[in-house]
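Tertiary structure, described
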Amino acid sequence: MSHLLCLSTFCKKMAEKGQIGQTPAMKNSTALIQANGLTKQFVSYKKEAGLKGTLKGFFNRESVVKTAVGQFDFEVQKGEIIGLLGPNGAGKTTLMKMFTGIIVPSAGELKVLGHNPWERSKDFRKKIALVMGQKSQLWWDIPAMDSFLLLQKYYEINDRDFKQRIDMMSELLDVKKLMHIQIRRLSLGERMKLELMASLLHSPEVLFLDEPTIGLDLVAQENIRQFIINYHKQNQCSIIITSHYMADVQALCQRLTLILDGKKGFDGPLTQFEKILGNEKVVSFTFEKAIDPLLPLWKGLDPKWNELNNQVELRIPENELRKISGQIIEQFPVIDFATEKMPIERVMKTLMNNPKLLSEYNA
Amino acid sequence: MMRNYWEIYKKFVSTSTTMAMSFRLPFVLLIVMDLCFYFTSLLTIDFIFNHIQHMGPWNRDQLMFFMAFMLLLDNLHMTFVSESFWELSMMLKTGQFDYVVLRPMNTLFSTFFRFFRPSTMLNFPIAVGVLIHYGLKIGLAPSAWALLPVFVILSFILLIQVEFIITTSMFWVIDGLGINFLRMQFQKLARWPNFVYASMPRRVFTLIFPILVIGSAPVSFLIDQSKWYWPLGLVTSIIVLGFVLSFLWTTGIRRYESASS
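Residues numbered from 1 in each chain as written. Chains lettered and ligands numbered in written order. Predicted model: local features only at pLDDT ≥ 70, side-chain atom pairs only at ≥ 80, totals over all residues.

**Some words on the overall build of chain B**
Rules: For the purposes of this entry, the term helix denotes a DSSP run of H or I that reaches at least four residues, the term strand denotes a run of E that reaches at least two, and both are numbered from the N terminus. For this measure, only C-alpha atoms enter the radius of gyration; the expected value for a globule follows 2.2 Å times N^0.38, where N is the number of residues. We call a residue exposed when 12 or fewer other C-beta atoms sit within 10 Å of its C-beta, buried when the count reaches 20 or more, and partly exposed for counts in between; the C-beta positions come from the backbone.
The helix and strand tally for chain B stands at 14 helices and 2 strands. Its C-alpha radius of gyration of 19 Å places chain B within 12% of the 18 Å reference for a compact globule of 261 residues. Seen through its C-alpha atoms, chain B measures out along the principal axes to roughly 60 × 40 × 35 Å. Here chain B holds 261 residues, and the buried ones make up 35% of them.

In structure tokens form, the structure reads like this:
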């Protein structure tokens, strides 16, 4: 452990001297965000349960070093919307916090908009924004408009731009009537809309969204997504989003980065991610009556029948989709059929249950 | 830049006032509580002087002037920074400090000057009135009257520097309860003139951790202007602690690990 801590201290010292954090390759890069071998380790203490464990831990603590993010390489170009996906504790939020300069990396190189984020230059902080679904930046006891006016001063936004942005966003989000009500009196969905407004007042070049739709109902989720899409169309800012809702990712992201145990498992277009488990489409058929599940037609299609045997889910190779679907519709009394709406969700579930599949895919 | 900070500070004041005045009873109670504190502090000195003639080199009015000076500092402290010490601990624990780090401004400023207490501000004229009353009683020289506001500001700066330095340790220990009580104990020590302490603690709290300089330096000089070394010590302490604070705060912020979401 002491070696790891020494490494971390060494990296910090090197970074302070400008010897780490910007390689020649990074200097020439046009990427808005560029990370090479980014690593973050946290030290915590093990504590045995109960009073005895508490007393023992008070005098003699066993420290544990956890690598939240390890050797992470990443690049984001101007105007991209990228989804950072992964199970709880994978390191998504830690990455976001390193990108925004909230925490200092233990090792590796990182440039965001040409800055070392952890140096927290004023210029850098004026160009980014972070929305955290689980933490509010608005003041609880005062109306949002008062917080907005404070943010106007923080970011030195002139009155004309401020008014124009407030008008535009309040219109898009339909929150005109809510801006003069104390935050604590608003619903979660209403608060999140105002949080988004607060983050976008200064027109950031890079927007970090950490679970922006968490806890929201379906309509509120859809509203937030639509707003982000419209805002991106108008402003062409880069957006990095983490979410556990695949609908967010499906609607917003062109590119996906999957993090498992602090390491990058996948980085590529959404369409490619959907095909990690193979070029197959999941199609479900509903029949008028029960069907024999042992027929040779189902062989090789990984059928999943319901208890009444009148509904089946099949995995059909993409190039045979037309042929096999046609056969089924012709031979059986089909009353409904549907292709999978979000294959990404199935891929995520499968990979989270069996991360080895990803290693096999990458190999 | 200064103009922008002034604009931001005006917003801090207005949002803090909006927040404080939305709860009417606590707002009034805080005014009453502060007044009670001022008068019990002065009555304690008065009571002690019913039994003695002098305390060290000072008589009743001189010590009352010292106490009035410290109460004015306390009023400024309570008005401008006191709430922030309790808030910081909570922000570090919950990760709410993330938003302080993200804002494009000096984090020391946005951490410690964010919360303004308007209820205490209303007692400011009383605190000033008491100080003037005892200044007149001890017959301050005209030059001393002219220097008095300058010394109030310098002493206030030193007081908050000391407290900011103590509070910075929250980045290491996270739980701020013990640190806040320690800070308050140091405040209590500073509320008595340096000569009431034995030689060793007096030296430590004057030369190493200069909490006794906060009140004793300006008041000793205002009473006896031949003691020029006191204001010199006050200014030197402010400069040295400024560097210490800057170093510790930068180190503390880099150590900040936020809280999990």
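**Looking at the overall build of chain A**
Counting its regular elements, chain A contains 14 helices and 13 strands. Its C-alpha atoms give chain A principal-axis dimensions of about 70 × 55 × 55 Å.

**A word on the confidence of the model for chain B**
Caution applies to low-pLDDT regions: their predicted coordinates should not be interpreted in detail. In plain terms, the rule: The predictor reports its confidence for every residue as pLDDT, a score running from 0 up to 100.
Chain-level pLDDT for chain B is 92 on average; 100% of the residues reach the 70-or-more range. Among the scores for the predicted complex, ipTM is 0.82 and pTM is 0.83.

**Description of the sheet that holds strand β2 (residues 62-76) of chain A**
All names here are of chain A. For the record, the criterion: For two strands to be treated as a pair, DSSP must find at least two bridges joining them. Angles run from 0 to 180 degrees between N-to-C directions of axes, and those axes are lines fitted to C-alpha atoms, restricted for helices to the stretch in contact.
With respect to topology, 3 strands assemble into an open sheet ordered β2-β1-β4, the strand pairing being antiparallel. For this open sheet the edge positions go to β2 and β4 (107-112), each flanked by a neighbour on one side alone. For this sheet, the mean inter-axis angle between neighbouring strands, taken without regard to orientation, is 30 degrees. Note that strand β1 (residues 33-46) and β2 share 11 bridges and pair antiparallel. The partner of Gln41 across the bridge, within β2, is Thr67.

**Let's talk about unusual backbone geometry**
All names here are of chain A. Unlike most non-glycine residues, Gln71 shows phi in positive territory, near 50 degrees. Within the secondary structure, Gln71 is located in strand β2. Backbone geometry places Glu156, a non-glycine residue, at a positive phi of 50 degrees. Here Glu156 is to be found in the loop between α6 (144-154) and α7 (159-173).

**Looking at the nonpolar core**
Which entries qualify depends on this criterion: In this usage, the nonpolar core is the set of buried Ala, Val, Leu, Ile, Met, Phe, Trp, Tyr and Cys residues whose C-beta atoms join them within 7 Å. Where each domain begins and ends is defined by an automated method or by a domain database. Whether two residues are in contact depends on their C-beta atoms, placed from the backbone: they are in contact if these lie within 7 Å.
Grouped together as the largest cluster of nonpolar side chains are 130 residues, with contacts concentrated most on Phe208 and Ile240 of chain A together with Ala68 and Phe69 of chain B. Broken down by element, the residue count for this core peaks at 13 residues, all from helix α3 (residues 60-80) of chain B. Split by domain, the residues of this core number at least three in each of domain 1 (2-272) and domain 2 (274-362) of chain A. Aside from chain neighbours lying at most four places away, what touches Phe208 of chain A is Met96, Phe99, Thr100, Ile128, Ala129, Leu130 and Ile240 of chain A. Within the second largest apolar cluster, 5 residues are counted, among which are Phe285, Leu314, Ile316 and Ile328 of chain A.

**Some points on the packing of helix α9 (residues 142-168) of chain B against helix α14 (residues 229-255) of chain B**
Residues and elements named next belong to chain B. Selection criterion: Between 65 and 115 degrees an angle is taken as roughly perpendicular, under 35 as roughly parallel, over 145 as roughly antiparallel, and anywhere else as oblique. In this scheme the handedness of a crossing depends on how the near helix is turned from the far one: anticlockwise by less than a right angle means left-handed, clockwise means right-handed. Gly is placed with the polar residues, together with every amino acid not listed as nonpolar (Ala, Val, Leu, Ile, Met, Phe, Trp, Tyr, Cys and Pro) or charged (Asp, Glu, Lys and Arg).
α14 packs onto α9 with a crossing angle of 30 degrees between their chain directions and a minimal axis gap of 9 Å. When the axis of α9 is compared with that of α14, the two are roughly parallel. As for how α9 packs across α14, the hand of that crossing is left-handed. Contacts between α9 and α14 involve Leu154, Ile157, Leu158, Gln161, Val162, Phe164, Ile165 and Thr168 from the former and Leu234, Val235, Ser237, Ile238, Leu241, Gly242, Val244, Leu245, Leu248, Trp249 and Gly252 from the latter. A per-class count over the contact of α9 with α14 returns 14 nonpolar, 5 polar and no charged.

**Some words on the pairing of strand β12 (residues 311-317) of chain A**
Residues and elements named next belong to chain A. Burial along β12 is one-sided: the face carrying Val312, Leu314 and Ile316 is buried and the face carrying Gln311, Glu313, Arg315 and Pro317 is not. Alignment of strand β10 (residues 280-287) against β12, held across 7 bridges, turns out to be antiparallel. Each residue of the ladder has a partner; that of Ser284, found in β12, is Glu313. As paired strands, strand β11 (residues 304-305) and β12 are joined by 2 bridges and run antiparallel to one another. Its bridge partner lying in β12, Lys304 is registered against Glu313. Here β11 folds back onto β12 in antiparallel fashion, the turn holding 5 residues, of which Asn309 has a positive phi close to 60 degrees.

**Digging into the interface of chain A and chain B**
In this assembly, 28 residues from chain A lie in contact with 22 residues from chain B. Of all the secondary-structure elements, those providing two or more residues to the side of chain A that touches chain B are α4 (92-99), α5 (122-127), β5 (128-132) and α6 of chain A. For the side of chain A that touches chain B, the element with the highest residue contribution is α6 of chain A, accounting for 5 residues. Among the residues making up the side of chain A that touches chain B, the classes are represented as 12 nonpolar, 5 polar and 11 charged.

**Side note on the sheet that holds strand β6 (residues 206-210) of chain A**
Residue and element names in this part refer to chain A. Here 6 strands make up an open sheet; going across it, the order is β5-β6-β7-β3-β8-β9 and the pairing mixed. Either end of the sheet is taken by a strand with one partner, and the two such strands are β5 and β9 (263-269). In this sheet, adjacent strand axes meet at a mean angle of 15 degrees when their direction is disregarded. Summarising the sheet, strand β8 (residues 255-260) and β9 pair through 6 bridges and their orientation is antiparallel. Paired with Leu260 across the two strands is Lys263, which belongs to β9.

**Digging into the domain arrangement of chain A**
Residues and elements named next belong to chain A. With domains assigned, chain A is organised as domain 1 (2-272) and domain 2 (274-362). A straight line from the C-alpha centre of domain 1 to that of domain 2 covers 37 Å. Between domain 1 and domain 2, the residue contacts involve 12 residues of the former and 10 residues of the latter. Mapped by element, the contributors of at least two residues to the side of domain 1 that touches domain 2 are α10 (246-252), β9 and α11 (270-273).

**Here we look at the pairing of β6 of chain A**
Residues and elements named next belong to chain A. The condition that has to hold: With strands facing away from the observer, any crossover in which the path from the first strand over the helix to the second runs clockwise is taken as right-handed.
Buried residues dominate β6, accounting for 5 of its 5 residues. With burial as the criterion, each face of β6 is covered, one bearing Val206, Phe208 and Asp210 and the other bearing Leu207 and Leu209. Where β5 and β6 come together, 5 bridges link them in parallel fashion. Paired with Ile128 across the two strands is Val206, which belongs to β6. Where β6 meets strand β7 (residues 238-242), 5 bridges bridge the pair, whose relative direction is parallel. When the sheet's bridge partners are listed, Phe208 is paired in β7 with Ile240. For the crossover from β6 across helix α9 (residues 218-235) to β7, the handedness is right-handed.

**Some points on the environment of Leu351 of chain A**
Residue and element names in this part refer to chain A. By the secondary structure assignment, Leu351 is in helix α13 (residues 343-353). Separated by 86 residues in sequence, Leu351 and Gly265 place their C-alpha atoms 9.8 Å apart. Excluding its chain neighbours within four sequence positions, the residues that come into contact with Leu351 are Leu357 and Leu358.

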